[in-house]
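Read off the chains here:
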Amino acid sequence: MDFTIPDEIAELQERTERFVRDEMIPRERDERLTAHGPTEEFRRELVVLGRRAGLLSPHVGREWGGLGLDHRGKAVVFEAAGYSPLGPIAMNCFAPDEANMHLLEQVAEERQKQEWLRPLAAGDIRSCFMMTEPAPGAGADPSMLTTTARRDTAGNAGDFVIDGEKWLITGAVGAELAIIMAKNDSDALGPAGATMFLTSMSTPGIVIERVLDTLDTFMAGGHAAIRLDGVRVPESAVLGRVGEGFRNAQARLAPARLTHCMRWLGAARRAHDIATDYARRRTAFGKPLGEHEGVGFMLADNEMDIHTARLAIWHTAWVLDRGERGRHESSMAKVICSEAIWRIVDRSMQVLGGLGVTDDTIVARIFRDVRPFPIYDGPSEVHRWSIAQRVLRTGGTG
């Protein structure tokens, strides 16, 4: 693959870095950045700044108001945006909205795109993706889905009625759009399977029962437990086709795993830079910390993990840009990056010593934010299992 960054992407990277440095980092201590993400007021202010800088929705096609970047372009720009937790929010490329926009662009009908994708790409509304459920429902194993969607044969022909419980639903509080995954039986209009539905969060029967307290604090709307109690949606709410929800989910999952890696690599690089600067300035036992071998080796290991993670991201982006599904590559990148990023931030905290465990720098917050990454979008153990199955089936990639 060619590692050359085109001039227009390099210019966009430079603008993003300047935007994050000048506009985002000074706002990181705003009181409207709460334990459950930025308030809606704060998010909208940040989006205005991103739009003014010409950086809004870099992942969305130009016809829908974005910058139309391919996966390799996103790898460069999203890493730069992730250097501050506010960067992806201001640029409207944060989870889960970024992946939901990608899904809509790939699968939705024109009418659905006009209704939902356009305002999402403009940053006017937010969305959530309702897949995971409390035990014994679907988590890492989507086949355990318990939420049901049944045809209402007694009421309006073609309507679905959705019942179930969802859990750890990111961004639900304050979202306008819900993408709901539910299992359906076969009938004359469609096969049995799982189906995705698009509906407003104000639809009767969608009940946010509580907001979960979690380690991470940067996702708008936090994470919620939700009850779906007789949620009625029309046939026109189906995203894609009835019974093809799992297939359509693949259009979302591989790129979503990768964009998480991109953003969090930027955050890890921020932690590393803070630790490196500290190791230059802080002295102990007669010389700067960085000149002590133990500290120097941690910084060296950080450099190698950053390099390895970036290569894994860029390679997977290249595979996706070639039109391949990239499931195997994205699984490898997800494990490599989530664990490397955790090591980078953990070492950075260690280099900072007592300072690292305080909120006097952003490293402690990054530490909390990145720890769930080996769990989100499939735990590392599930990805390793998937990788091993392919190795056993094909003999590996070597």
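In the block above lies the structure referred to throughout.
Residues numbered from 1 in each chain as written. Predicted model: local features only at pLDDT ≥ 70, side-chain atom pairs only at ≥ 80, totals over all residues. Heavy atoms only, no water.

A. Molecular detail of the overall build of the chain. Helix and strand counts for the chain come out as 11 helices and 12 strands. A globule of 398 residues ought to have a C-alpha radius of gyration of about 21 Å, and the chain, at 22 Å, matches this closely. In terms of overall dimensions, the chain has a C-alpha envelope of 80 × 55 × 40 Å along the principal axes. For the chain, the residues scored as buried account for 54% of the 398 residues in total. Intrachain contacts of the chain at a sequence separation of at least 6 include 73% that bridge at least 24 residues. A total accessible area of about 17,400 Å² is found for the chain, and carbon and sulfur atoms account for 52% of it. (Helix = DSSP H or I, 4+ residues; strand = E, 2+ residues; numbered from the N terminus. Rg over C-alpha atoms; globule rule 2.2 N^0.38 Å. Buried < 20%, exposed > 50% of the residue type's maximum accessible area, 1.4 Å probe, protein only. Contact = heavy atoms within 4.5 Å. Areas by Shrake-Rupley, 256 points an atom, 1.4 Å probe, with all protein chains shown as cover.)

B. Summary view of the pairing of strand E7 (residues 193–200). In terms of burial, E7 is largely enclosed, as seven of its eight residues are buried. Here eight bridges tie strand E6 (residues 177–184) to E7, and the two strands are oriented antiparallel to one another. Each residue of the ladder has a partner; that of Ala182, found in E7, is Thr195. (Pairing = 2+ DSSP bridges.)

C. The nonpolar core, seen in detail. Grouped together as the largest cluster of nonpolar side chains are 65 residues, with contacts concentrated most on Met24, Leu46, Trp264, Ile313 and Ile341. Counting residues per element, this core draws most heavily on helix H7 (residues 245–281), at 11 residues. Formed by 24 residues, the second largest nonpolar core is a distinct cluster that contains Val60, Trp64, Leu104 and Leu120. (Core = buried A, V, L, I, M, F, W, Y, C linked by side-chain atoms within 4.5 Å.)

D. Seen up close, the layout of surface pockets. Considered as a void within the structure, the largest pocket measures approximately 1,200 Å³ in volume. In terms of lining residues, the largest pocket is bounded by 40 residues, among which Thr132, Gly139, Leu253, Asp377 and Gly378 are the most central. Contributions of two or more residues to the lining of the largest pocket are made by helix H5 (97–107), strand E5 (160–170), H7, helix H9 (327–352) and helix H11 (380–394). By residue number, the principal contributor to the lining of the largest pocket is H7, which donates 10 residues. By residue class, the composition of the lining of the largest pocket is 22 nonpolar, 11 polar and seven charged. (1 Å grid on protein atoms, 1.4 Å probe; cavity = no way out; pocket = protein on both sides within 12 Å on 5 of 7 lines; lining within 4 Å. Points joined across faces, edges and corners; volume = space filled by probe spheres on them. Nonpolar A, V, L, I, M, F, W, Y, C, P; charged D, E, K, R; others polar.)

E. Focus on H7. Taking 1.5 Å per residue, 37 residues should reach 54 Å; H7 reaches 54 Å between its end C-alpha atoms and fits that length. Of all bends in H7, the biggest is about 25°, found at Ala251, and the proline Pro255 comes one to four residues later. With 27 of 37 residues buried, H7 lies mostly within the body of the structure. (Expected span 1.5 Å × (residues − 1). Bend = angle between axes of the 7 residues up to and from the residue.)

F. Looking closely at empty space enclosed by the protein. Within the structure shown, the criterion is met by one cavity of 30 Å³ or more. Reported here for the largest cavity is a volume of approximately 200 Å³. When residues of the lining of the largest cavity are traced back to their parent elements, those giving at least two are helix H4 (87–90), H7 and helix H10 (363–370). Grouping the amino acids of the lining of the largest cavity by side-chain chemistry returns 11 nonpolar, three polar and three charged.

G. The side chain of Glu329, seen in detail. Checked against the element boundaries, Glu329 lands in helix H9. Despite being buried, Glu329 has no salt bridge partner; Arg390 is the closest side chain of opposite charge, sitting 5.3 Å away. Filtering out sequence-adjacent residues up to four positions away, Glu329 remains in contact with His315, Thr316 and Val319. (Lys, Arg positive; Asp, Glu negative; His and termini not counted. Salt bridge = Lys/Arg side-chain N within 4 Å of Asp/Glu carboxyl O.)

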